[in-house]
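Structure assessment
One-letter residues, chain by chain:
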Number of protein chains: 2
Amino acid sequence: MTAAQHISDDELAEIYTFAVQLGKDAGTILMKFAQARWSDNGTGEQLFTEKDSAVDIVTKADEDVETFIKNAIEKKYPTHKFLGEETYSKGASRAYLIGPAPTWCVDPLDGTVNYTHLFPMFCVSIGFVLNGEAVIGVIYAPFTSQLFSACKGKGAWLNETQRLPLVKNQPLPPHAPQGCVLSVEWGKDRKDAQDGNLHRKVDSFLTMAAEPGGRGGKGGMVHGVRSLGSATLDLAYVAMGAFDIWWEGGCWEWDVAAGIAIVQEAGGLVTTANPPEDTQNAPIEDVRLGSRLYLAIRPAGPLPATGESARQSQERVVREVWRRVRHLDYSRPGA
Amino acid sequence: MTAAQHISDDELAEIYTFAVQLGKDAGTILMKFAQARWSDNGTGEQLFTEKDSAVDIVTKADEDVETFIKNAIEKKYPTHKFLGEETYSKGASRAYLIGPAPTWCVDPLDGTVNYTHLFPMFCVSIGFVLNGEAVIGVIYAPFTSQLFSACKGKGAWLNETQRLPLVKNQPLPPHAPQGCVLSVEWGKDRKDAQDGNLHRKVDSFLTMAAEPGGRGGKGGMVHGVRSLGSATLDLAYVAMGAFDIWWEGGCWEWDVAAGIAIVQEAGGLVTTANPPEDTQNAPIEDVRLGSRLYLAIRPAGPLPATGESARQSQERVVREVWRRVRHLDYSRPGA
């Protein structure tokens, strides 16, 4: 166990500036690879041969961008640790490796399926973790030119100019999940077993969506159900205030480190997706970064009608979600 | 019954130019109303009082933009008919009103829930229909600055410069729906009855998503399931090639007129969501604009491995979807 690490405010600010530029540069490379596949790309560049499949191209983009980010960090901050999706997928283990040391937790390409199909909801995700906590997050979605960023103590931002959430102090709906936009993902686990994650997820989606009297009285009647295919962008839109609730299992720390930093700095709450036994009274703890189970509630203001504080209303929504969802079965070693 | 109408190529080109500019202007108004709600909007404008709720603001934006579009069309083309979402919702009937005369079919704000929550997937949708066929479509999503447009015979375009689909002649996956991105919407009908549309939809989503051996052998194992909350943008992304399949019921002609024009001009296929009795041999007919039941397949190229033409592969995918989905129960008078 290494001792807790200290980084000065000035140094953190410098790391943040570096991370934002890194995110922009990395996203630009992703977009260049994407555009090279377009019918009439104006660049005249031939990055690939006719024989390269979409999957080959995506793999190359993913690897090239991770190498680009890793090299840039190693050059600037040789003592920092680096964890990337590609690092893991080539290694033998999926053990949780983040300790107190300054650690970059990076997904060079989140929303891989979207990128393969050229659906704009893909992005680069760069998180900086100190003492186990994500303190800087940079998410850049180059196809829609949306940059989300945050540094602990310095606010969360859209395109560096608009503070997140977009609407300040907006109360959560008094009868949540009614009135809430729920963001969820179908994921890759498609086993058709009643006790598999696919059915557990869909059962939960249905309960959140159904009319108030339905589903044994648990119908949540959310305002809308959204699935973007990118955990990272789901979190970005929670920070923005566009998604009230994100409930998901199965993703990894590199998918969420940047997003959690941005949501928390914007004033949102992130805890576990799996309901405790006593959903109404169990303490609501901050999420563990490597838990693979996430429930995020957007930033909020107090609810004047009831005198509820922002935090109280977020906790109320957490419990209303927990009442309606099933346990998901994703485990990991070492977290 | 009015006789078939004729409009010259030059006149159609002029109408197209007018429609594109109208879409841009209308989208800009939508965005202005959205930004007026932001915490620190830089415009210094106070479009609303503190007392206005998000719903009041959205209703005002919707109505103002429809009026703006309607007035512009009446001034420029006083003989053309106009049908807008707001026109319908204030009228007594939802009868299908589109005949052979030149008719503008407009949704001033598609993705209303997204707009209310400031999630970027909202847009203006302007369709121009002649002899019952959508021949011009303009979709503008101002938050992501994406403009989709098409005019019969002149191609489909992203931001007026990039031809759609982004990748030309891309074959559909040989084992579709495997390898396909499926776009669907949960909709507003949330009745918790086994024979209601919510359960019919979710059953169908599950069959499309489940592993190949699952769901009685029908598991479709699609590459991803997406829900954006905007029928109009779903169609735009089908035209782009990003979504392979869009399956939906319950929307109206103003939600889809522009999108269908763009998908068809890009080379996509749009037919009915509800499977016929003989899914494998029934003729595949072009969708009726007011049918409220839509199945769209993206533009494609021939599949060299089997010698299948683009149209043949699209029809194959239609039948594979029909094999896996349930009938939806949306009717309408007069269509």
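Remember, predicted model here, so these are calculated numbers, not experimental data.

**Notes on the overall build of chain A**
Within chain A, the regular secondary structure consists of eight helices and 12 strands. For chain A, the C-alpha radius of gyration of 20 Å lies close to 20 Å, the compact-globule estimate for 335 residues. With respect to the three principal axes, the spread of C-alpha positions in chain A is 60 × 50 × 40 Å. By residue count, 61% of the 335 residues in chain A fall in the buried class. Partitioning the intrachain contacts of chain A with sequence separation of at least 6 by distance along the chain shows that 67% fall at a separation of at least 24. For chain A, the accessible area works out to roughly 12,800 Å², and carbon and sulfur atoms hold 49% of it.

**Here we look at helix H6 (residues 231–240) of chain A**
Side chains three or four residues apart in an α-helix point the same way, a direct result of the helix having 3.6 residues per turn. Residue and element names in this part refer to chain A. Counted residue by residue, H6 has 10 buried out of 10 residues, so it is predominantly covered. Every buried residue of H6 is accounted for by Ala231, Thr232, Leu233, Asp234, Leu235, Ala236, Tyr237, Val238, Ala239 and Met240. The positive-phi residue at the C-terminal boundary of H6 is Gly241, with phi of around 95°.

**A short note on the relation of the copies chain A and chain B**
Overlay of chain A on chain B (RMSD 0.0 Å): rotation 180°, translation along the axis 0.0 Å. As the rotation angle and translation indicate, the two copies are arranged about a two-fold axis. When the interface residues of chain A are mapped onto chain B, 100% of them are again interface residues, pointing to one common binding face.

**Things to note about the layout of surface pockets**
Put simply, the second largest pocket is a space of about 1,000 Å³. What lines the second largest pocket is a set of 41 residues, and nearest its centre among them are B:Thr112, B:Val113, B:Gly187, B:Lys188 and B:Gly229. Counting only elements with at least two residues in the lining of the second largest pocket, the list comes to strand E9 (224–226) of chain A together with helix H2 (54–76), helix H3 (85–90), strand E2 (103–110), helix H4 (112–117), strand E10 (245–249) and helix H7 (253–266) of chain B. Counting residues per element, the lining of the second largest pocket draws most heavily on H2(B), at five residues.

**Things to note about the domain arrangement of chain A**
Residues and elements named next belong to chain A. For chain A, the domain assignment lists domain 1 (9–164) and domain 2 (181–322). Distance from the C-alpha centre of domain 1 to the C-alpha centre of domain 2: 24 Å. Counting from both sides, the interface comprises 39 residues of domain 1 and, opposite them, 23 residues of domain 2. Summing both sides of the interface, domain 1 and domain 2 together bury roughly 2,400 Å²; the carbon and sulfur share of this comes to 69%. The tally of links from domain 1 across to domain 2 stands at zero salt bridges. Taken together, domain 1 and domain 2 are joined by eight residue pairs in polar contact (both at pLDDT 80 or more). Looking at the side of domain 1 that touches domain 2, the elements that each hand over two or more residues are helix H3 (85–90), strand E2 (103–110), strand E3 (123–130), strand E4 (133–141), strand E5 (146–151) and strand E6 (156–158).

**Let's talk about the interface of chain A and chain B**
At the interface, 55 residues of chain A touch 55 residues of chain B. Across the chain A/chain B interface, buried area totals approximately 4,700 Å², and carbon plus sulfur atoms make up 61% of it. Ranking the residues of chain A by area buried against chain B places A:His117, A:Trp186 and A:Arg190 at the top, with a combined share of 15%. Taken together, chain A and chain B are joined by zero salt bridges. Our enumeration of links across chain A and chain B arrives at 19 residue pairs in polar contact (both at pLDDT 80 or more). If you list the elements that add at least two residues to the side of chain A that touches chain B, you get helix H4 (112–117), strand E7 (162–164), helix H5 (197–209), E9 and H6 of chain A. No other element matches H5(A), which puts six residues into the side of chain A that touches chain B. Residues of the side of chain A that touches chain B, tallied by class, amount to 28 nonpolar, 15 polar and 12 charged.

**A word on the nonpolar core**
Within the largest apolar cluster, 175 residues are counted, with the highest numbers of intra-cluster contacts made by A:Trp104 and B:Trp104. With residues up to four places along the chain from it excluded, the contact list for B:Trp104 reads B:Ile15, B:Phe18, B:Ala19, B:Ile73, B:Tyr77, B:His80, B:Lys81, B:Phe82, B:Leu83, B:Ile126, B:Gly127 and B:Phe128. Ranked by size, the runner-up nonpolar core spans 62 residues in total, among them A:Leu198, A:Met208, A:Trp247 and A:Leu293.

**A word on helix H5 (residues 197–209) of chain B**
Relative to the 18 Å expected for 13 residues at 1.5 Å per residue, H5(B) spans 18 Å between its end C-alpha atoms, a close match to the ideal helical length. The buried count for H5(B) comes to 12 of 13 residues, which makes it a mostly enclosed element. Restricting attention to buried positions, one finds in H5(B) the residues B:Asn197, B:Leu198, B:His199, B:Arg200, B:Lys201, B:Val202, B:Ser204, B:Phe205, B:Leu206, B:Thr207, B:Met208 and B:Ala209. Elements in contact with the buried residues of H5(B): H5 of chain A together with strand E8 (181–183), strand E9 (224–226), E10 and helix H8 (310–322) of chain B.

**A word on the state of the cysteines**
Under the counting rule described, the total for this entry stands at zero disulfides over all chains. With no disulfide of its own, A:Cys123 lies closest to A:Cys251 among cysteine sulfurs, the gap being 12 Å. By relative accessible area, which is 0% here, A:Cys123 ends up buried. Among the cysteines around B:Cys251, which has no disulfide bond, B:Cys105 carries the closest sulfur, lying 11 Å off. You can call B:Cys251 buried: its relative accessible area is 6%.

**Points about the sheet that holds E2(B)**
Residue and element names in this part refer to chain B. If you walk across this open sheet you meet the seven strands as E1-E2-E3-E4-E5-E6-E7, and the pairing is mixed. Looking at the sheet topology across the chains shown, the edges are occupied by strand E1 (81–84) and strand E7 (162–164). Each adjacent strand pair in this sheet contributes to an overall mean axis angle of 20°, direction not counted. The pairing of strand E6 (residues 156–158) with E7 spans three bridges and is classified as antiparallel. Following the sheet pairing, Leu158 is matched in E7 by Gln162. Strand contacts of H2: E1, E2 and strand E3 (123–130), with the helix running at about 155° to E2, the strand carrying the most contacts. Lying over the sheet, helix H6 (residues 231–240) contacts E2, E3, strand E4 (133–141), strand E5 (146–151), E6 and E7, oriented at roughly 70° with respect to E5.

Here is what the cut-offs are and how they apply
- Residues numbered from 1 in each chain as written.
- Chains lettered and ligands numbered in written order.
- Predicted model: local features only at pLDDT ≥ 70, side-chain atom pairs only at ≥ 80, totals over all residues.
- Heavy atoms only, no water.
- Helix = DSSP H or I, 4+ residues; strand = E, 2+ residues; numbered from the N terminus.
- Rg over C-alpha atoms; globule rule 2.2 N^0.38 Å.
- Buried < 20%, exposed > 50% of the residue type's maximum accessible area, 1.4 Å probe, protein only.
- Contact = heavy atoms within 4.5 Å.
- Areas by Shrake-Rupley, 256 points an atom, 1.4 Å probe, with all protein chains shown as cover.
- Least-squares fit on C-alpha atoms with pLDDT ≥ 70 in both.
- 1 Å grid on protein atoms, 1.4 Å probe; cavity = no way out; pocket = protein on both sides within 12 Å on 5 of 7 lines; lining within 4 Å.
- Points joined across faces, edges and corners; volume = space filled by probe spheres on them.
- Domains from an automatic or database assignment.
- Buried area = accessible area lost by both parts, 1.4 Å probe.
- Salt bridge = Lys/Arg side-chain N within 4 Å of Asp/Glu carboxyl O.
- Polar contact = N/O pair within 3.5 Å; in protein donor to acceptor, adjacent residues only side chain to side chain.
- Nonpolar A, V, L, I, M, F, W, Y, C, P; charged D, E, K, R; others polar.
- Core = buried A, V, L, I, M, F, W, Y, C linked by side-chain atoms within 4.5 Å.
- Expected span 1.5 Å × (residues − 1).
- Disulfide = S-S within 2.5 Å.
- Pairing = 2+ DSSP bridges.
- Axes fitted to C-alpha atoms, helices over the stretch in contact; angles between N-to-C directions.

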